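# Architecture and fold: a report
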Amino acid sequence: MEFELTPEQLEFAAITERWAREKLVPLWTQEADDEGVFIQEEWDAMAEFGLMGLPFPEEYGGADADAVTLCLSSEALGKAGVDAGTTLSYGASTILCGVPIWKLGTPEQKAQYLPKMCTGEWIGGFCLTEPGSGSDATSMKTNAVRDGDEYVINGSKTWITNGPNGHHFVVTAVTDPDARPRAAGISAFIVDADTPGFRVGKKLDKLGCRTSPTSELYFDDMRVPASALLGPLNYGFMLVGKLILGWERTCLLAPALGGIHHGMEVACKYALEREQFGRPIAKFGAIMEKIADMRVAYEVSWGLLYRVADMLTRDEACLTEAAILKTYLSEAAVRCSEEVVQIHGGYGFSKEYRVERGYRDAKLGTIGAGTSEVQRGIIARAIGNF
Ligand SMILES: Cc1cc2nc3c(=O)[nH]c(=O)nc-3n(C[C@H](O)[C@H](O)[C@H](O)COP(=O)(O)OP(=O)(O)OC[C@H]3O[C@@H](n4cnc5c(N)ncnc54)[C@H](O)[C@@H]3O)c2cc1C
């Protein structure tokens, strides 16, 4: 790996972290987390700061930032202690929905969607998972049938981030049911939430990332113009998947890297303040060990994440590297957030210190965007003929 962060990138990360600590973190409330409410004020502040369109070209209102810069700013949000629900909704809109439109969209599609995504007026989402197909995404049932100048889409999706409040979605649907492999018969479409036949289903109650709204979506004889097709017919899924995999396993996970750092900071502060047996608990070897392990996890994850971000910036294939990064970082985040709770003892178990939120939020990393088990399959197959 040969890359160096520029002074401008480092300065941008520092400014983002400072701004997030001062302006964003205070907008989170325990009540919003308890009730599972999206914090619009946080969204608006992030949009005003310029985060929504960070990777998109300037002509659409973006900042033309590369993947490394995007990861640095997202890591900064996690370092500052911004809630993972908000960073998840941000990632689902900008990365899962915006990046495919930017990379695969026609000039008309880009002009239609990207400017208002950059200003934060329009929130996007990405629809792959269905009630019967999660890890085995290509067994999806949602289908799109051509009818004149339109496609008629029928089916349902679940676990859709920003489902209840999204303006538009990149939706995957089978367009050639006989294709083998099945992935070669699945296309992607851009669907507006106000399309007749589009229906938001049940809002899902979750363990963590509670300020990010998640829901089922239903498509009943939903007609979209043929111009809503994103990328080539029958190959949209493969191209979108290939594109998104790298981006979601780095940029979407970067806040979790920052979260490890934030947890370490919070745990150190507490360990130095809390006294037992006549001295700060930080003086006990067992506590020092936990903090040292957090630092190791942060440093190793940092190297893995920015290696993949650099590969993305160079347009290099990074499927295996992204799987290694995702597995290690997401599991390290779960482990570290658990130790932060442990260091806080009983207070860690209460809501008072907010560290239980980090523990609940971290778990999504090992499930969303391809589970740890699926990632290990990718890694093993890259090593040998399994
Ligand atoms: C909060 C949240 C937000 C989400 N947001 C979105 C979104 O915006 N858009 C979207 O499309 N999806 C979204 N998802 C869905 C997410 O991507 C899926 O939950 C994930 O891919 C796993 O699918 P599943 O839940 O159906 O689990 P399953 O695939 O049913 O897996 C169940 C268990 O079996 C294991 N397993 C499955 N296949 C294998 C295998 N081949 N080898 C070994 N073990 C295996 C899994 O690892 C897991 O432990 C979201 C999920 C959550 C929880």
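Scroll up a little and you will see the structure.
Nothing here was measured: the structure is a model prediction, and the numbers come from that model.

## Quick word on the site of the ligand
- Taken together, 23 residues surround the ligand, and among them L128, G134, S135, T371 and E373 come closest.
- Of all the secondary structure elements, the ones that give two or more residues to the shell around the ligand are strand 1 (124-127), strand 3 (150-161) and helix 13 (372-383).
- Taken together, the residues that form the shell around the ligand break down as eleven nonpolar, ten polar and two charged.
- Each of domain 2 (125-232) and domain 3 (253-383) gives at least three residues to the shell around the ligand.

## With respect to the packing of helix 4 (residues 67-80) against helix 8 (residues 254-273)
- For the pair helix 4 and helix 8, interaxial distance at closest approach is 6 Å and the crossing angle is 40°. Accordingly, the angle class assigned to the pair helix 4 and helix 8 is oblique. Considering how the two elements wind past one another, helix 4 and helix 8 form a crossing that is right-handed. Across the interface between the two elements, C71, S74, E75, A76, L77, G78 and K79 from helix 4 touch A254, P255, A256, L257, G258, G259, H261 and H262 from helix 8.

## Digging into the environment of G358
- Residue position: G358 is located in helix 12 (residues 355-362).
- Using a count of 27 C-beta atoms within 10 Å as the deciding quantity, one classes G358 as buried.
- As a C-alpha pair, G358 and G81 span 277 residues in sequence and 9.0 Å in three-dimensional space.
- Leaving out residues up to four positions away in the same chain, G358 has contacts with G259, G263, S337 and V340.

## A closer look at unusual backbone geometry
- Residue P181 is bonded to the preceding R180 through a cis peptide linkage, with omega at 0°.
- Position of P181 among the secondary structure elements: in the loop between strand 4 (168-174) and strand 5 (186-192).
- A positive phi is found at F277, a non-glycine position, where the angle reads about 55°.
- Within the fold, F277 resides in the loop between strand 9 (275-276) and strand 10 (279-280).
- Among the residues examined, F277 registers 8 C-beta atoms within 10 Å and is labelled exposed.
- Here the phi dihedral of A369 falls at roughly 55°; this positive angle occurs in a residue that is not glycine.
- Mapped onto the elements, A369 comes out in the loop between helix 12 and helix 13.
- Taking the C-beta count within 10 Å as the criterion, A369 has 23 such neighbours and is therefore assigned buried.

So, how was this worked out
Residues numbered from 1 in each chain as written. Predicted model: local features only at pLDDT ≥ 70, side-chain atom pairs only at ≥ 80, totals over all residues. Near = placed C-beta within 6 Å. Helix = DSSP H or I, 4+ residues; strand = E, 2+ residues; numbered from the N terminus. Nonpolar A, V, L, I, M, F, W, Y, C, P; charged D, E, K, R; others polar. Domains from an automatic or database assignment. Axes fitted to C-alpha atoms, helices over the stretch in contact; angles between N-to-C directions. Parallel < 35°, antiparallel > 145°, perpendicular 65-115°, else oblique. Left-handed = near helix turned anticlockwise from the far one by under 90°. Contact = placed C-beta atoms within 7 Å. Buried ≥ 20, exposed ≤ 12 C-beta atoms within 10 Å, placed from the backbone.

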